[in-house]
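In case you want the letters, here they are:
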Amino acid sequence: MSPAGFVAPGAMLGVLGGGQLGRMFVHAAQQLGYRTIVLDPDPASPAGLVAHEHVRADYLDAAALDRLAERCAAITTEFENVPAAALAALAERVPVAPGAAAVAVCQDRADEKAAFVRSGVACAPHALVASRADVERVDAALLPGILKTARLGYDGKGQRTVDDRAALAAAFAALGEVPCVLERRLALAGEISVVVARNAQGDVVHLPVHDNVHVGGILAVTRVPARAHVGAAMQAEAVALAERLARSLDYVGVLCVEFFVVEGGALVANEMAPRPHNSGHHSIDSCDVSQFELQVRTLANAPLVAPRQHSAAVMLNLLGDLWRNGVAPDWSRVLALPAAHLHLYGKDDARPGRKMGHLTVTAASADAAEATAAEAARVLGVAPLATATR
Ligand code: ADP
Ligand code: MG
């Protein structure tokens, strides 16, 4: 069932998944006076460490799901790869948002692209490649392309760039011959994302458009407001498309839609996340309502108010690569910068590419935020912002 009546503060909210997104959901829920339970098998999960209760069990563990259903007034998820069956089982007993069907769409790139097409939202030319025969017959117009596993890919994992059919065959084999989507490689002028929140009554609000830079397939920098190549008309179009997708999925909760800005200016949907998104983390510090509070409000069927951005922001992701020989960066130098909001997720093991935290720099103007973020990047030893600027 989806959320119906207002769940007042004091009630217990549950979240499947204990990563950093769950942790920031827990923070927002607790600020509003809710109690929280996290389901995650990892004893050291970032959200489990801060929730009122941590149920350490597999997502399909019947006793654990029972416990959540008994204790919670409403339940959400922090990542799309939680088994849709777990959400569906919970939804028979307690309000769950987003619904299992919408989450399932986001678990599979082929289904996700079909949802784009059904909703009239342009996406990259693509085809399903699920067998060696598909490799032989797939349209040559999709090459050079990117072969992506249909399921379980994230942060550029499960992807291979392929220039010709021989490379496609090799990539399909290297990815284990699992069902894949081949997408034509587009010339990108940039990447943007939109976070929308929709409640059970169909009201929709959105965060400002995020101007994102990925390095090695992982989000590196988000700027709000977006830079000049993302004009007002394009921003309005991106918001309208994201809202259209939320409506057509009859979505309840926070949804992020990522778009490519193709050379020439066309917008093409890339993928969706049925949850708050890394590109929206700035909202904690730059907006009067964060994406995590929006998640709490839609889950509790609380009034949905439009967020207002009060500060320009530049967000830098802090990956495990910054921990040189296991030694953390000198945070005191970062904290000495004006309006540098440090968020660390409580993870002990700093592996390269692992998201350990993020830094949001806020300021009265985009130029001022950019200047301080560049200084933070220098202090931290992350690639200078200039190299992350396409
Ligand atoms: P993930 O699930 O790992 O985030 P994405 O499909 O978003 O996977 O791809 C990661 C990044 O790779 C994108 O943000 C973009 O920079 C690049 N990319 C992906 N698909 C294409 C494409 N069709 N054309 C050009 N660049 C692409
Ligand atoms: Mg992506």
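Everything quoted here is computed from the prediction, not taken from an experiment. (Residues numbered from 1 in each chain as written. Chains lettered and ligands numbered in written order. Predicted model: local features only at pLDDT ≥ 70, side-chain atom pairs only at ≥ 80, totals over all residues. Heavy atoms only, no water.)

Undergrad: Can you explain the overall build of the protein? Please cite residues and give values.
TA: When helices and strands are tallied, the protein shows twelve helices and 17 strands. For the protein, whose C-alpha radius of gyration is 21 Å, the value lies close to the compact-globule estimate of 21 Å for 390 residues. With respect to the principal axes defined by its C-alpha atoms, the protein has extents near 60 × 50 × 45 Å. Across the 390 residues of the protein, 56% fall into the buried class. About 15,300 Å² of surface is accessible on the protein, with carbon and sulfur atoms providing 54% of the total. One finds the centroid of the 34 positive side-chain charges in the protein at a distance of 1 Å from the centroid of its 40 negative side-chain charges. (Helix = DSSP H or I, 4+ residues; strand = E, 2+ residues; numbered from the N terminus. Rg over C-alpha atoms; globule rule 2.2 N^0.38 Å. Buried < 20%, exposed > 50% of the residue type's maximum accessible area, 1.4 Å probe, protein only. Areas by Shrake-Rupley, 256 points an atom, 1.4 Å probe, with all protein chains shown as cover. Lys, Arg positive; Asp, Glu negative; His and termini not counted. Charge placed at Lys NZ, Arg CZ, Asp CG, Glu CD.)

Undergrad: Describe the side chain of His 277, and please don't skip the residues or the numbers.
TA: Tracing the sequence through the fold places His 277 in the loop between β14 (267–273) and α9 (283–286). Take His 277: its relative accessible area is 8%, and that puts it in the buried class. For His 277, the side chain forms a polar contact with the side chain of Ser 279, separated by 2.7 Å. When near neighbours in sequence (up to four residues on either side) are disregarded, His 277 contacts Val 195, Cys 256, Glu 258 and Gln 291. (Polar contact = N/O pair within 3.5 Å; in protein donor to acceptor, adjacent residues only side chain to side chain. Contact = heavy atoms within 4.5 Å.)

Undergrad: Can you explain the packing of aromatic side chains? Please cite residues and give values.
TA: Given two aromatic rings, one states the distance between the centres and the angle between the planes to describe the pair. Per the counting criterion, the structure on display carries two aromatic pairs. Look at Trp 323 and Trp 331: their rings are 5.6 Å apart centre to centre, the planes differ by 65°, and that puts the pair in the edge-to-face class. When its relative accessible area of 14% is taken as the criterion, Trp 323 is described as buried. Judged by relative accessible area, which is 16%, Trp 331 ranks as buried. (Phe/Tyr/Trp six-rings, centres within 6.5 Å; stacked < 30°, edge-to-face > 60°.)

Undergrad: Now, about the domain arrangement of the protein: what can you tell me, with residues and values included?
TA: For the protein, the assigned domains read domain 1 (12–96), domain 2 (125–184) and domain 3 (188–380). On a C-alpha basis, the centroid separation for the pair domain 1 and domain 2 is 34 Å. (Domains from an automatic or database assignment.)

Undergrad: How would you sum up unusual backbone geometry? Please name residues and give values.
TA: Cis geometry marks the peptide bond from Ala 97 to Pro 98, where omega comes out at 0°. Cis geometry marks the peptide bond from Leu 143 to Pro 144, where omega comes out at -5°. Positive phi values are uncommon outside glycine, yet Asn 301 reaches one of about 50°. Take Asn 301: it is sitting in the loop between α10 (291–299) and β15 (312–319). Phi angles above zero are rare outside glycine, and Ala 339 is one such case at about 50°.

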